[in-house]
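Okay, here's what each chain looks like letter by letter:
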Amino acid sequence: MTSLIIFGLLIALMLTGMPISIALGLTVLTFIYTMTNVPTESVALKLFTGIDNFEIMAIPFFILAGNFLTHGGVARRMINFATSMVGHWYGGLGLAGVMACALFAAVSGSSPATVIAIGSIMMPAMVKQGFPKRFGAGVITTSGALGILIPPSIVMVIYCVATGGSIALDPAGHRVSSASVGQMFIAGVIPGLMLATLLGLTTFYRAWRNDYPRLPKASWAERITAFRKCVWGLLLILIVLGGIYTGMFTPTEAAAISAVYAFVIAVFVYRDMSLKDVPKVLLGSANMSAMILYIITNAVLFSFLMANENIPQQIATWITSVGVDWIVFLLIVNVLLLIAGNVMEASSIVLIMAPILFPVAVKLGIHPVHLGILMVVNMEVGMCHPPVGLNLYVASGIAKMGITELTIAVWPWLLTMLIFLGVVTYVPEISLWLPRLLGML
């Protein structure tokens, strides 16, 4: 009954059109004030302590790094390199778009940033080359979603923050801690590369079937030149993942280093950005960071209420008592997250659902890292379909297409993503093999 009251109140407030972050906070305040003896002072304390987390500091730094890279010419050089490598195949520019999105995802951590950086260059170029506008928009909208699966990923950091305070017991009754940011980053490498490959195959098949244009094959000298020009951006991948894996620095420190590095290569190496442009980038990053941190603060407050009422543990006990196994549970999770993707954006879904699903998943023997990757892939799908798919709106502005037309354009690649979601759901080793090989699990 308590669960029904809490979620009923939250849904009612959201249906009024109220921002999700405010709806979360009001739900907590209303329930605590009217139905519990918890002092309201503890709410104010939780608002401050909720974001007093070292890992949360990674979010503004990754946002800042992504903005420097978006405005600093890194994307254009990655596109040139990708085009020189695969441009001569069927759908060459489309394949280059997928490859460029995968490369930029590995340095930005954000899907909308990837769509903006790659799409603003690739979509006009593809139309000029003779590709249908729908084809280019479909490729970039869905490939841009790789920004939250290929590490570093802001959504992965949010998942770790959301589950950090949760208490979970495995089937043997042992306490299980949540996944670390480093584990999630390494776990995202194989799924990210697999999804990029599948999106590339879909692009190639549609281009081959419709005989879309191909570019002249680049010489090895041209490829080496293109690689040399983008190598400064690619080095950021090695710095972040290599530094985390070798233990040279934590993910939060890696985020800070990536922000400084991105500033240096944008302003002093590539010189596509002047020092006069830096305050604008800083202000934009601060605005985006403040928005995400505000959502996190209220979501942490909501998680505090859930933990105080012992709701996740009650759900876990009920699910195991009715005989639901991990196969059925993961199917339910996918359906639930895909439905949530129709009404909420990725960060809010992860912050609300992760603390609830985490104890249940662990109780059924599901690894926290596997659950995290599963949630991230679901968020990718949610970003590419209406009514709140963020990538759709970003791509719509770039391609000058309506949301309905763009929704039709993305369906072949969206279907590919759904098939991949099914595979990654029931083959845990896709997520767990690499971190286990590296001794991180």
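It should be emphasised that the depicted structure is a prediction, and the values quoted were computed from it without experimental measurement.

## A closer look at the overall build of the protein chain
So, step 1. Of regular secondary structure, the protein chain possesses 21 helices and two strands.
So, step 2. Over its C-alpha trace the protein chain gives a radius of gyration of 22 Å, about what one expects of a compact globule, namely 22 Å for 441 residues.
So, step 3. Its C-alpha atoms give the protein chain principal-axis dimensions of about 70 × 45 × 45 Å.
So, step 4. Scored against the burial criterion, the 441 residues of the protein chain give a buried share of 56%.
So, step 5. Restricting to contacts in the protein chain with at least 6 residues of sequence separation, those with at least 24 account for 80%.

## Some words on the layout of surface pockets
In this approach the atoms are scanned with a rolling probe the size of a water molecule, which exposes any empty space left behind.
So, step 1. In this model, the largest pocket occupies a volume close to 820 Å³.
So, step 2. In terms of lining residues, the largest pocket is bounded by 28 residues, among which Phe-7, Ile-11, Leu-336, Ile-352 and Met-353 are the most central.
So, step 3. Broken down by secondary-structure element, the contributors of at least two residues to the lining of the largest pocket are helix H1 (2-15), helix H15 (311-321), helix H16 (326-340) and helix H17 (346-363).
So, step 4. Considering every element that reaches the lining of the largest pocket, the biggest residue donor is H1, with seven residues.
So, step 5. When grouped by side-chain class, the residues that make up the lining of the largest pocket number 25 nonpolar, three polar and no charged.
So, step 6. When its volume is computed, the second largest pocket comes out at roughly 660 Å³.
So, step 7. Taken together, 32 residues form the lining of the second largest pocket, with Pro-112, Met-291, Ile-292, Glu-345 and Leu-390 sitting closest to its centre.
So, step 8. For the lining of the second largest pocket, the secondary structure elements donating two or more residues are helix H2 (20-35), helix H4 (58-71), helix H7 (111-129), helix H9 (154-163), helix H14 (278-308) and H17.
So, step 9. When residues in the lining of the second largest pocket are grouped by element, the largest group, six residues, is from H4.
So, step 10. Broken down by class, the residue content of the lining of the second largest pocket amounts to 20 nonpolar, eleven polar and one charged.

## Some words on the packing of aromatic side chains
Any two aromatic rings considered together are summarised by their centre-to-centre distance and by the angle between their planes.
So, step 1. Tallying each qualifying case throughout the model produces eleven aromatic pairs.
So, step 2. Residues Phe-135 and Trp-413 carry aromatic rings whose centres are separated by 5.6 Å and whose planes lie at 65 degrees to one another, so their mutual orientation is edge-to-face. Residue Phe-135 is found in helix H8 (residues 133-143), and its partner Trp-413 is found in helix H20 (residues 403-426); the two are separated by 278 residues along the sequence.
So, step 3. Exposure remark for Trp-413: the relative accessible area of 1% places this residue in the buried category.
So, step 4. Joined through ring pairs, the aromatic side chains of Phe-131, Phe-135, Tyr-212 and Trp-413 make up one cluster.
So, step 5. Note that Arg-214 overlies the ring of Tyr-90, its terminal NZ or CZ placed 4.3 Å from the centroid.
So, step 6. Here the guanidinium or amino end of Arg-223 rests over the ring plane of Trp-220, the centre of that ring lying 4.6 Å away.

## With respect to the side chain of Thr-202
So, step 1. In this structure, Thr-202 sits in helix H11 (residues 189-210).
So, step 2. Under the relative-accessibility criterion, Thr-202 is labelled buried at 14%.
So, step 3. Not counting chain neighbours up to four residues away, the residues in contact with Thr-202 comprise Pro-412, Trp-413 and Thr-416.

## Here's the deal with the confidence of the model for the protein chain
So, step 1. For the protein chain, per-residue confidence averages 85 on the pLDDT scale, and residues scoring 70 or more make up 98% of the total.
So, step 2. Mean pLDDT across the elements of the protein chain ranges from a minimum in strand S1 (residues 168-169), with 71, to a maximum in helix H21 (residues 429-437), with 93.

## Observations concerning the nonpolar core
So, step 1. In terms of nonpolar packing, the biggest core is built from 162 residues, with Ile-118, Tyr-159, Ile-296, Phe-329, Leu-371 and Met-375 touching the most fellow members.
So, step 2. In terms of residue count, H17 provides more of this core than any other element does, 13 residues in total.
So, step 3. Apart from residues no more than four positions distant in its own chain, Met-375 is found in contact with Tyr-159, Leu-337, Val-350, Met-353, Ala-354 and Leu-357.

## Describing the pattern of salt bridges
So, step 1. Applying the stated rule across the entire model yields four salt bridges.
So, step 2. Notably, a salt bridge pairs Asp-272 with Arg-76, separated by 3.5 Å at the nearest N-O pair. Of this pair, Asp-272 sits in the loop between helix H13 (251-269) and H14 while Arg-76 is found in helix H5 (residues 74-86), placing the two residues 196 residues apart along the sequence.
So, step 3. The partly exposed category is assigned to Asp-272, whose relative accessible area is 34%.
So, step 4. By relative accessible area, Arg-76 is classed as partly exposed at 36%.
So, step 5. The residue Asp-272 makes a salt bridge to Arg-77 at a minimum N-O spacing of 2.6 Å. With Asp-272 in the loop between H13 and H14 and Arg-77 in helix H5, this residue pair connects regions lying 195 residues apart in the sequence.
So, step 6. A cluster of three or more residues bridged by salt bridges with shared partners is formed by Arg-76, Arg-77 and Asp-272.

## A short note on unusual backbone geometry
So, step 1. The omega torsion across Pro-151 and Pro-152 is 0 degrees, close enough to zero to call that bond cis.
So, step 2. Mapped onto the elements of the fold, Pro-152 is located in the loop between H8 and H9.
So, step 3. At Asp-211, a position not held by glycine, the phi torsion is positive, near 55 degrees.
So, step 4. The residue Asp-211 is located in the loop between H11 and helix H12 (220-246) in this model.
So, step 5. Of note, Arg-271 is a non-glycine position whose phi angle comes to about 60 degrees, a positive value.
So, step 6. Turning to its location among the elements, Arg-271 is positioned in the loop between H13 and H14.

## Regarding empty space enclosed by the protein
So, step 1. Here the structure, examined in full by the defined rule, presents one cavity of 30 Å³ or more.
So, step 2. Its volume calculated, the largest cavity comes out at about 90 Å³.
So, step 3. As for the largest cavity, its lining consists of 13 residues, of which Met-344, Glu-345, Ala-346, Gly-382 and Met-383 are closest to the centre.
So, step 4. If you list the elements that add at least two residues to the lining of the largest cavity, you get H17 and helix H18 (368-382).
So, step 5. At three residues, H18 tops the list of elements feeding residues into the lining of the largest cavity.
So, step 6. Tallied by class, the residues present in the lining of the largest cavity amount to eight nonpolar, four polar and one charged.

Parameters and conventions
- Residues numbered from 1 in each chain as written.
- Predicted model: local features only at pLDDT ≥ 70, side-chain atom pairs only at ≥ 80, totals over all residues.
- Heavy atoms only, no water.
- Helix = DSSP H or I, 4+ residues; strand = E, 2+ residues; numbered from the N terminus.
- Rg over C-alpha atoms; globule rule 2.2 N^0.38 Å.
- Buried < 20%, exposed > 50% of the residue type's maximum accessible area, 1.4 Å probe, protein only.
- Contact = heavy atoms within 4.5 Å.
- 1 Å grid on protein atoms, 1.4 Å probe; cavity = no way out; pocket = protein on both sides within 12 Å on 5 of 7 lines; lining within 4 Å.
- Points joined across faces, edges and corners; volume = space filled by probe spheres on them.
- Nonpolar A, V, L, I, M, F, W, Y, C, P; charged D, E, K, R; others polar.
- Phe/Tyr/Trp six-rings, centres within 6.5 Å; stacked < 30°, edge-to-face > 60°.
- Lys NZ or Arg CZ within 6 Å of the ring centre and 35° of its normal.
- pLDDT = per-residue confidence, 0-100.
- Core = buried A, V, L, I, M, F, W, Y, C linked by side-chain atoms within 4.5 Å.
- Salt bridge = Lys/Arg side-chain N within 4 Å of Asp/Glu carboxyl O.

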